[in-house]
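The chain contents come next:
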Amino acid sequence: MKKFLSLLAVSAMVVSLCACGNSGTPAADNAEPAADTQDQTADTQQETEDQTADAQQEESQTGTGVMPAIAKEDIKVGVIHITDPAEGSGYTYTHDLGIQGMQKNIGLDDSQIVRKNNVNDTDATAIENAIRECIEDGCNVIFATSWGFMDTCEALAEEFPQVIFSHGTGYKSNGVNFNNYFGRIYQARYLAGIAAGLKTESNKLGYVAAMGQDNSEVTGGINAFAMGAYSVNPDCEVYVKVTNSWFDPEGETQAAQALVDLGCDVIAQHCDTPNPQTVAEQNGVWGVGYNSDMSKDAPKAVLTSVMWDWSVYYTTAVQSVIDGTWSGENYFGGMNEGLVTIAPLSDLCADGTKEAVEAAKEQITKNGFNVFDGVIETNDGSTVGTEGSTLSDGDITGNMNWYFKNVVVK
Amino acid sequence: MNNPAENPQKEPLLRIAKRAELPAGKIVILRLLAVVLSLVAGGIFIACMGQNPLTIYGTILSGACRSAMAFQGTVKLMIPLLITSLGVTLAFKMKFWNIGAEGQIIFGATCATFFALFCSGMNHVLLIIVMFLAGFIGGGLWGLIPAVFKVRYNTNETLFTLMLNYIALHIVSYLRDGPWMDPGSQGFPKIARFDKNASLDKFLGIQFGWLIGLLLVVIVFIYLKYTKQGYEISVVGESQDTARYAGMNVKKIILRTMFLSGGICGMAGMIQATGSDITLTTSVAGGVGFTAIIIAWLGQLNPFAILLVSFLFSVLEKGSSVVQSNYGLSTDCADVLQGIILFFILGCEFFVRYRFLFRTKVHSEKKIKAEGE
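Residues numbered from 1 in each chain as written. Chains lettered and ligands numbered in written order. Predicted model: local features only at pLDDT ≥ 70, side-chain atom pairs only at ≥ 80, totals over all residues. Heavy atoms only, no water.

### What about the side chain of S320(B)?
Residue and element names in this part refer to chain B.
Now for step 1: Checked against the element boundaries, S320 lands in helix α12 (residues 303-327).
Now for step 2: Under the relative-accessibility criterion, S320 is labelled buried at 8%.
Now for step 3: Here S320 is in contact with I60, V315, A334 and Q338, once residues within four sequence places are set aside. (Helix = DSSP H or I, 4+ residues; strand = E, 2+ residues; numbered from the N terminus. Buried < 20%, exposed > 50% of the residue type's maximum accessible area, 1.4 Å probe, protein only. Contact = heavy atoms within 4.5 Å.)

### With respect to the layout of surface pockets
Now for step 1: Put simply, the second largest pocket is a space of about 1000 Å³.
Now for step 2: Taken together, 38 residues form the lining of the second largest pocket, with D123(A), A126(A), L77(B), G286(B) and E317(B) sitting closest to its centre.
Now for step 3: Elements with a contribution of two residues or more to the lining of the second largest pocket: α3 (124-136) of chain A together with α3 (68-93), α11 (288-298), α12 and α13 (331-353) of chain B.
Now for step 4: When residues of the lining of the second largest pocket are assigned to their parent elements, the largest contribution, six residues, is made by α12(B).
Now for step 5: A class-by-class count of the residues in the lining of the second largest pocket yields 14 nonpolar, 17 polar and seven charged. (1 Å grid on protein atoms, 1.4 Å probe; cavity = no way out; pocket = protein on both sides within 12 Å on 5 of 7 lines; lining within 4 Å. Points joined across faces, edges and corners; volume = space filled by probe spheres on them. Nonpolar A, V, L, I, M, F, W, Y, C, P; charged D, E, K, R; others polar.)

### What to know about the sheet that holds strand β8 (residues 266-270) of chain A
Residue and element names in this part refer to chain A.
Now for step 1: Pairing is mixed across the open sheet formed by seven strands, whose spatial order is β12-β10-β9-β8-β6-β7-β15. On the outer flanks of this sheet lie β12 (340-342) and β15 (407-409), each paired with one strand and no other. Recorded for the sheet is a direction-independent mean angle of 20 degrees between the axes of neighbouring strands. (Pairing = 2+ DSSP bridges. Axes fitted to C-alpha atoms, helices over the stretch in contact; angles between N-to-C directions.)

### Focus: the nonpolar core
Now for step 1: Core analysis: the biggest nonpolar cluster contains 79 residues, and M131(B), F132(B), I254(B) and I271(B) have the highest contact counts within it.
Now for step 2: In terms of residue count, helix α10 (residues 250-277) of chain B provides more of this core than any other element does, 13 residues in total.
Now for step 3: The contact partners of I271(B), leaving out residues within four places of it in the chain, are I79(B), I83(B), F132(B), L200(B), Q207(B), G209(B), I212(B) and S276(B).
Now for step 4: Counting 77 residues, the second-largest nonpolar core is a separate cluster that includes I113(A), I222(A), A224(A) and I364(A). (Core = buried A, V, L, I, M, F, W, Y, C linked by side-chain atoms within 4.5 Å.)

### Section: the pairing of strand β5 (residues 178-183) of chain A
Residue and element names in this part refer to chain A.
Now for step 1: For β5, the buried fraction is high: six of the six residues fall into the buried class.
Now for step 2: Of the two faces of β5, the one holding F178, N180 and F182 and the one holding N179, Y181 and G183 are both buried throughout.
Now for step 3: As paired elements, strand β4 (residues 164-168) and β5 share four bridges and run parallel to each other. Directly across from F165, in β5, lies its bridge partner F178.
Now for step 4: In this structure, β5 lies alongside strand β11 (residues 331-333), joined through three bridges in parallel fashion. Directly across from Y181, in β11, lies its bridge partner Y331.

### Some thoughts on the pattern of salt bridges
Now for step 1: All told, the structure shown has 21 salt bridges over all chains when counted by the stated rule.
Now for step 2: The partner of E136(A) in a salt bridge is R66(B), and the shortest N-O contact between them spans 3.2 Å. Here R66(B) lies in the loop between α2 (53-65) and α3 and E136(A) lies in helix α3, a pairing that spans two chains.
Now for step 3: E232(B) is paired through a salt bridge with K228(B); the nearest N and O atoms lie 3.7 Å apart. Linking E232(B) with K228(B), this pair stays in helix α8 (residues 228-238), spanning four residues, or about one helical turn.
Now for step 4: For K228(B), a relative accessible area of 62% puts it in the exposed group.
Now for step 5: Within the structure, one salt-bridge network assembled from shared partners comprises D151(A), E154(A), K172(A), D182(B) and K190(B). (Salt bridge = Lys/Arg side-chain N within 4 Å of Asp/Glu carboxyl O.)

### Regarding unusual backbone geometry
Now for step 1: The phi torsion at T169(A) lies on the positive side, around 70 degrees, for a residue other than glycine.
Now for step 2: Mapped onto the fold, T169(A) is located in the loop between β4 and β5.
Now for step 3: Positive phi, normally seen in glycine, also occurs at N154(B), with a value near 55 degrees.
Now for step 4: Position of N154(B) relative to the elements: it lies in the loop between α5 (124-153) and α6 (157-177).

### Considerations on helix α2 (residues 90-106) of chain A
Residues and elements named next belong to chain A.
Now for step 1: With 17 residues, α2 should cover 24 Å at 1.5 Å per step; its first-to-last C-alpha distance of 24 Å lies within 8% of that length.
Now for step 2: Within α2, 12 of the 17 residues are buried, leaving the element largely enclosed by the surrounding structure.
Now for step 3: Within α2, burial applies to G90, Y91, T92, T94, H95, D96, G98, I99, G101, M102, Q103 and I106.
Now for step 4: In the segment just after α2, G107 is the residue with positive phi, at about 85 degrees. (Expected span 1.5 Å × (residues − 1).)

### Considering the packing of α5(B) against α6(B)
Residue and element names in this part refer to chain B.
Now for step 1: As a packed pair, α5 and α6 sit with axes 10 Å apart at the nearest point and diverge in direction by 145 degrees. Between α5 and α6 lies a crossing whose hand is right-handed. Together, W142, I145, P146, F149 and K150 of α5 and E157, F160, T161, L164, I167, A168 and I171 of α6 make up the contact between the two elements.
Now for step 2: A breakdown of the residues in the contact of α5 with α6 according to their chemical character gives nine nonpolar, one polar and two charged. (Left-handed = near helix turned anticlockwise from the far one by under 90°.)

### Some thoughts on the packing of aromatic side chains
Residue and element names in this part refer to chain A.
Now for step 1: Under the defined criterion, the tally for this structure stands at 36 aromatic pairs over all chains.
Now for step 2: Among the aromatic residues, ring-to-ring pairing joins F143, Y181, F182, W308, W310, Y313, Y314 and Y331 into one connected group.
Now for step 3: Against the face of Y290 rests R189, its NZ or CZ located 4.3 Å from the ring centre.
Now for step 4: Geometry around Y239 places K410 over its ring, the cationic atom sitting 4.8 Å from the centre. (Phe/Tyr/Trp six-rings, centres within 6.5 Å; stacked < 30°, edge-to-face > 60°. Lys NZ or Arg CZ within 6 Å of the ring centre and 35° of its normal.)

### Let's talk about helix α1 (residues 24-48) of chain B
Residues and elements named next belong to chain B.
Now for step 1: Helix length check: α1 (25 residues) gives 36 Å between terminal C-alpha atoms against 36 Å at 1.5 Å per residue, within 8%.
Now for step 2: Listing the buried residues of α1 in full gives I27, A34, S38, G42, G43 and I46.
Now for step 3: On the buried face of α1, the contacting elements are α2 and α13.
Now for step 4: With its phi angle positive at about 85 degrees, G50 sits one or two positions after the end of α1.

### What to know about the side chain of T353(A)
Residues and elements named next belong to chain A.
Now for step 1: Within the fold, T353 resides in helix α10 (residues 353-366).
Now for step 2: With relative accessibility at 1%, the residue T353 sits in the buried group.
Now for step 3: A distance of 2.5 Å separates a polar atom in the side chain of T353 from the backbone oxygen of A350.
Now for step 4: Discounting chain neighbours no more than four positions away, the residues touching T353 are A195, L198 and L345. (Polar contact = N/O pair within 3.5 Å; in protein donor to acceptor, adjacent residues only side chain to side chain.)

### Some details on empty space enclosed by the protein
All names here are of chain A.
Now for step 1: With the rule as written, the count across this model stands at three cavities of 30 Å³ or more.
Now for step 2: Empty space within the second largest cavity amounts to approximately 180 Å³.
Now for step 3: Y91, T169, E217, W246 and D272 are, among the 13 residues lining the second largest cavity, the residues nearest its centre.
Now for step 4: Split by residue class, the lining of the second largest cavity holds seven nonpolar, four polar and two charged.

### As for the sheet that holds β11(A)
All names here are of chain A.
Now for step 1: The strand order across the open sheet built from six strands is β2-β1-β3-β4-β5-β11, with neighbouring strands paired in parallel fashion. Among the strands making up the open sheet, the edge pair consists of β2 (113-116) and β11. Sheet twist, expressed as the mean angle between neighbouring strand axes with direction ignored, is 20 degrees.
Now for step 2: Against the sheet, helix α9 (residues 311-323) engages β1 (77-80), β3 (141-144), β4, β5 and β11, with an angle of about 160 degrees to β3.

Shown next as structure tokens:
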């Protein structure tokens, strides 16, 4: 044992020698900027969110970018996907449709798009390798579509200042070559809520949620859906089941089945697979899909689907790089830009759904209705917001940790 | 064919016989042949996918080594494979089936992460040393648990080490979703990226884990070949009774070796978390613990051969990823390709030790044996 301990001590010393030898130069140099960015991210997190909306308008009008323009022929786009677009439905498929749309809108050649599929978003080394391979292939714009890619993008944006990193659904950015893009999906969920609220007979709507109350994105979506349903059917309740995973085919199936067993007759979802919709179809109830039009997965159940059209953002972003107007600001588009929408209402919808949805849509796109307007009652008896104003984007993306009054977590 | 009249001796059509030791030159030729055959079979598979095998193989090589950045990526994949293979080698030499490298990596990384998260203000050199020790001891303890039960109650170490993998994995999930969750992550379950002060330094553009790996190759080689403890390990591996007869304390040797084996794997975990991932995730081991078992055996438990094999594995993995994006060949195809190559190379080891005897050859075979004896 003593010998072993001494061996350990010796190896520790060897290790420390190695560490000494290195820490002299690179670490010391890097130490200060590192500390700075750490502080900044904490601050900018709130600030950028608040500033996003105003800054975007200002910046896009001035037309001066923070990165040099890249000619159309020289653009090379790298896309980091968490799964494979070949799945034909759901999250990655929808993002890839957006990339294809952008390619068509701008007129890029196939060779100007590099896709990295099935990049595990919990494996930082795999993410880093995938992005570095894109850069090696000559990519100058990288779209990273999954939340888990965020920290790696942040680190590599610092290492490769000439490459533009655009990360979807996160909250970090550096205002220059690393931004964040997302959208007002809650607007579309409000409309879907109307369709669900009019359809339900049991007055119980089910909602398969990927994450719990702490997650603003998911919770905001549930609230918008519940408020949409409430606006046409004040008696209905939204039952929420949380799977704690963005992609969990089995868990999503089970959650949907449990909701049906509780008496829910419309199943909405915020998760990646179409399984909740197929469960609804098997049980003879209805559903609201997410990401792509899920009526092709469950034609006898899906009323409509809450959808993204990412090509809107991808086209805007790449075009701004070509024009030299890339601002490095975060992007938070909505129904007006066409980034979020709902799939055409199916014949399964109740009478009058089309009119009600159209009316609400007009409120949102023309009359400035922002869903989270005025005083909102929560399900624990308190209230949020003030009369005559609407929640800030910062609150919507970062502080949505309450549920609307007709939401019940199961 | 089973008609006894036709075959009075009831010899099967085909039987397997152990070979006398082949000359070294012949073994090398056999292995080279296996590599060539695996490339041909893999090539047929690639051709079936509608691609030119030569360009795909070329892309795998160039994808892994085409530039300094690519090579650095390859080495980065190699570091955990190499170190973990060296770790399991110690246990395998003792014929202790340590299938739990995965868990030892994870637990070592978890222990090191504690210091990375909560003591990040410490002096850099000291912190790195502390994290190395934490990784080593954490992995070592995780390896020691099944060893204790083995020597005490003679439990099955294969199952025991395997099960501990899942326990380690779920500990990380628990920490990620609960006590160690990044407070800034807005409810998304993840552990924060480590402070720069708590991450490994780079040497020649790659985290210096590769130096540790190379150092360990030499240390493990010397330890197994030239030290008393290394000799004890191989005696226990060959026959515990012999070891006991020779007056060795078998229990102590098993415990010590498993601690070292797990410790090295734990260090691989620490190096992966603080050098490559710069955070702790449930993918910190990511199957490395299992691939390392294959590498260790392909390398015949020889540290230098393991170095070579783990490098080739990394080339295949890194290159396949480039093939995926350049030719739209799914990552699953790359896995099939790896499987084919492994199948041939492992199959070749069978032919090094055994051979098929056909019925017609049986008589002449007996003659040869008779002459030999």
